[in-house]
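As a plain string of letters, each chain reads:
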Amino acid sequence: MKRLKKNFYRGGRLKEYRRSLHFFLKNPLTILGLAIVISLILISIFASQIAPYPEQGRGISSVKDRLLSPNYERLFGTDNLGRDILSRVIFGSRVSLKAAVVVILIVVVIGTPLGIIAGYFGGKIDEVIMRMSDMILAFPSLLLAIAIVAILGPSLMNAMIALSVPWWPWYTRLARSQTISLRERQFVEAARAVGVSNFKIMFRHILPNCLTPIIVQATLDMGYIILSLAGLGFLGLGTQPPTPDWGVMISKGRSFILNQWWFSTFPGVAIFITVLGFNLLGDGLAEALNPKRRK
Amino acid sequence: MSPLVEVKNLRKYFSVIRGFWQRGKEYVKAVEDVSFSIRQGETVGLVGESGCGKTTIGRTILRLIAPTAGEVFFKKRSLFALEDEELRKTRKMMGVVFQDPYTSLNPRMNIQSIVGEPLRTHSNLKGLELQERVIGLLGQVGLKEDALYRYPHEFSGGQRQRIGIARALAMDPEFIVLDEPTSALDVSVQAQVLNLIIELQKKLNLTYLFISHDLIVVNYIADRIMVMYLGRIVETGPANTIFNHPLHPYAKALISAVPIPDVHQQRKEILLQGNVPSPINVPSGCSFHTRCPEMKNEICKREVPPLKKIDEEHYVACHLV
């Protein structure tokens, strides 16, 4: 019987992936980044199983244990409401990761198509989209986000919206620059000569070819967005207590920093490691996927 | 026989942005008043050096860019008046093969998707039917069906160009623009691809516009040759005539530069002085007069020479002929 001959002839794509994988795995720093990110994901998935005091991690206080210094039972100590900081940090990863993923998705989904449209059509459409993005880029992103949260009212949801607004133009710029170089390539011309519609050209020919730098950028930005979310949390504009959030924890621990150092320090270390992990992973990806950056 | 493609007084100027304040005040005159026609079943060669407007003509005929002035008729219908459905139907009858086989195939699509794209755009073929058609097309250009799910980077330049040809053939076109299809290939592979192109023409009754800067290649494949210089056609005629008895000084110089594979035969090579003038500031009168070794009269500097009929089909744009 005749069937689609798909499984007979494979391997081309695979070969390319394997090569990229080779460069990806060759760099020990990338492996470290990957390990950090994977463990972070696992920790946030299995937070309830890993955390020694899951109910405290979620926000139940136990005032009699307040401000215990780190000991064998409570490795990271407890906070001013007697909650286990290790559990809070573990549950905090959930909030941070989820929020960062949502922000990245919003930003990529809005920014990339706009950039492709701007780059592909050029002219007036390009001017309108790019001037809009320039306007937003003219503000410091965190400041703009603070202003937006101030208008919308502080909550995690609003913090995510507030971070998406100043962030999408980066993806628009990236996608636009890629599109402009791709638009002149002959395979796009060939598709136009055949009569393929503009939408299909953008979707089938341009988008897949500009995805690589976008994925790299998104990985790098995960770290920055987690950092910014923590910043908003620190200012009281993001996650609201008792939901665990690294930024909020640092801010709450601020008044105790001289005597109870562990309160602010451990969430800070968590942010540091997370951002480092995503940056290392992003750099490794960029190197593996872009032959020009291979050493 | 009536012409399949007819180009009338085609002009294409590209505006040049000079600084911020004076946009579009200067133009690159890529194509200047070009007229010609291509008959059904013939191969017309378009030669000239880089930047003389060959590719621009090809792209205009395919309606990839709009001309500044002039018209292109395909099967007696004005190409630039066509809309939607009519345009789609016309596009089906035209194909194109590009110069660079490395950028003309989407690196993220497999061969089945690339060759099948015109089919998906213009027909309802799907799944197995589509695949069989693609296999048929690959067979026509000498590729096996194991290419289907492979990606362009796994093929050599010659094979990629075959894939490009298969894509151009997908909708059974009548007319194909070949834009330097062999200039990016090794000489040995060039010959194979050229022979394939000739073979396909005989089998499928195709009409070609063959754009190239390589005179030997054009002489090998074309029935008629048009020689271009700075956006104008300076001489046009049957391939043999142009190759053996060129009349225009530029055509003479071009053909004298073709190497002859015979050590004993001597031929005087005409060396042109200077560079091609910028297409932004085209010289007055005959655009070739600044480099013409035979220029004598003042008229060359003043007046643009019209195409003069020398013989049946043989036209030259020179005041001296």
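This one's a predicted model, so the numbers in the text were calculated from it and none came from an experiment.

It is worth spelling out the overall build of chain B at this point. Helices and strands together make up the secondary structure of chain B, namely ten helices and twelve strands. Compactness check: chain B gives a C-alpha radius of gyration of 21 Å against a globular reference of 20 Å for 321 residues, within 12% of the reference. Overall size of chain B, expressed as C-alpha extent along the three principal axes, is 70 × 60 × 45 Å. Across the 321 residues of chain B, 43% fall into the buried class. Nonlocal contacts in chain B, meaning residues at least 24 apart in sequence, comprise 64% of its contacts between residues at least 6 apart.

Moving on: the nonpolar core. By size, the foremost hydrophobic cluster in this structure holds 150 residues, and its most contacted members are Leu209, Phe210 and Val227 of chain B. Among the elements that make up this core, the one with the highest residue count is helix H5 (residues 85-121) of chain A (17 residues). Not counting the four nearest positions on each side in its chain, Val227 of chain B is found in contact with Val47, Gly48, Ile233, Val234, Glu235, Ile242, His248, Tyr250, Ala251 and Leu254 of chain B.

Along helix H9 (residues 249-256) of chain B, the residues that are buried comprise Pro249, Tyr250, Ala251, Leu254 and Ile255 of chain B. Buried positions along H9 of chain B lie against helix H7 (215-221), strand E9 (224-229), strand E10 (232-238) and helix H8 (239-244) of chain B.

Looking now at the environment of Met93 of chain B. Residues and elements named next belong to chain B. Position of Met93 relative to the elements: it lies in the loop between helix H2 (84-92) and strand E6 (94-97). Residue Met93 is classed as partly exposed on the basis of its 16 C-beta neighbours within 10 Å. Met93 sits 83 residues away from Ile176 along the chain, and the two C-alpha atoms are 8.5 Å apart. Ignoring any residue separated from it by four or fewer positions in sequence, one finds Met93 in contact with Pro173, Glu174 and Phe175.

On the side of chain B, 27 residues touch chain A, which itself brings 22 residues to the contact. Breaking the side of chain A that touches chain B down by element, the ones donating at least two residues are helix H1 (12-26), helix H9 (186-194) and helix H10 (198-234) of chain A. The greatest single-element share of the side of chain A that touches chain B, amounting to eight residues, is contributed by H9 of chain A.

In this section: the confidence of the model for chain A. For chain A, the mean per-residue pLDDT works out to 85, and 93% of the residues sit at or above 70. Segment residues 7-11 of chain A: pLDDT under 50, and five contacts once partners within four positions in sequence are set aside and those in other chains are kept.

Bringing the packing of helix H6 (residues 123-137) of chain A against helix H8 (residues 156-183) of chain A into the picture now. Residue and element names in this part refer to chain A. At a minimum axis separation of 9 Å, H6 and H8 run at an interaxial angle of 135 degrees. Considered as vectors, H6 and H8 are oriented oblique to each other. Crossing of H6 against H8: the hand is left-handed. Packed against H6, whose contacting residues are Ile129, Ser133, Ile136 and Leu137, the element H8 presents Val165, Pro166, Pro169, Thr172 and Arg173 at the interface. Class assignment for the residues of the contact of H6 with H8 results in six nonpolar, two polar and one charged.

As a further point, take the confidence of the model for chain B. All names here are of chain B. For chain B, the average pLDDT comes to 85, and 96% of its residues sit at 70 or higher. Averaged over each element, pLDDT in chain B is lowest for strand E2 (residues 22-39) (80) and highest for strand E8 (residues 207-212) (92). Reported confidence for the predicted complex is 0.81 by ipTM and 0.80 by pTM.

All right, on to the domain arrangement of chain B then. Residues and elements named next belong to chain B. Annotation of chain B at the domain level lists domain 1 (3-93 + 173-306) and domain 2 (101-172). For domain 1 versus domain 2, the separation of C-alpha centres amounts to 28 Å. Domain 1 puts twelve residues into the contact, and the matching count from domain 2 is 14 residues. If you list the elements that add at least two residues to the side of domain 1 that touches domain 2, you get H2 and helix H6 (187-204). Per-element accounting of the side of domain 1 that touches domain 2 gives the leading share, five residues, to H6. Residues belonging to the side of domain 1 that touches domain 2 are distributed by class as follows: nine nonpolar, one polar and two charged.

A few words now on the sheet that holds strand E7 (residues 175-179) of chain B. The strands making up a sheet associate through hydrogen bonds between their backbones, and the pairing can be parallel or antiparallel. All names here are of chain B. Read across the open sheet, the eight strands follow the order E6-E7-E8-E3-E9-E10-E12-E11; overall the sheet is mixed. The open sheet has two free edges, formed respectively by E6 and strand E11 (308-311), since each of these has just one partner strand. Each strand of the sheet is rotated relative to its neighbour by a mean of 20 degrees, with strand direction disregarded. By the bridge criterion, four bridges tie E6 to E7 in an arrangement that is parallel. By the bridge assignment for E7, Val97 is matched with Leu178.

Okay, the environment of Ser141 of chain A next. Residues and elements named next belong to chain A. In this structure, Ser141 sits in helix H7 (residues 141-152). In this structure the C-alpha to C-alpha distance between Ser141 and Thr243, which are 102 residues apart in sequence, comes to 25 Å. Apart from residues no more than four positions distant in its own chain, Ser141 is found in contact with Pro166 and Trp167.

Quick notes on the rules
Residues numbered from 1 in each chain as written. Chains lettered and ligands numbered in written order. Predicted model: local features only at pLDDT ≥ 70, side-chain atom pairs only at ≥ 80, totals over all residues. Helix = DSSP H or I, 4+ residues; strand = E, 2+ residues; numbered from the N terminus. Rg over C-alpha atoms; globule rule 2.2 N^0.38 Å. Buried ≥ 20, exposed ≤ 12 C-beta atoms within 10 Å, placed from the backbone. Contact = placed C-beta atoms within 7 Å. Core = buried A, V, L, I, M, F, W, Y, C linked by C-beta atoms within 7 Å. pLDDT = per-residue confidence, 0-100. Axes fitted to C-alpha atoms, helices over the stretch in contact; angles between N-to-C directions. Parallel < 35°, antiparallel > 145°, perpendicular 65-115°, else oblique. Left-handed = near helix turned anticlockwise from the far one by under 90°. Nonpolar A, V, L, I, M, F, W, Y, C, P; charged D, E, K, R; others polar. Domains from an automatic or database assignment. Pairing = 2+ DSSP bridges.

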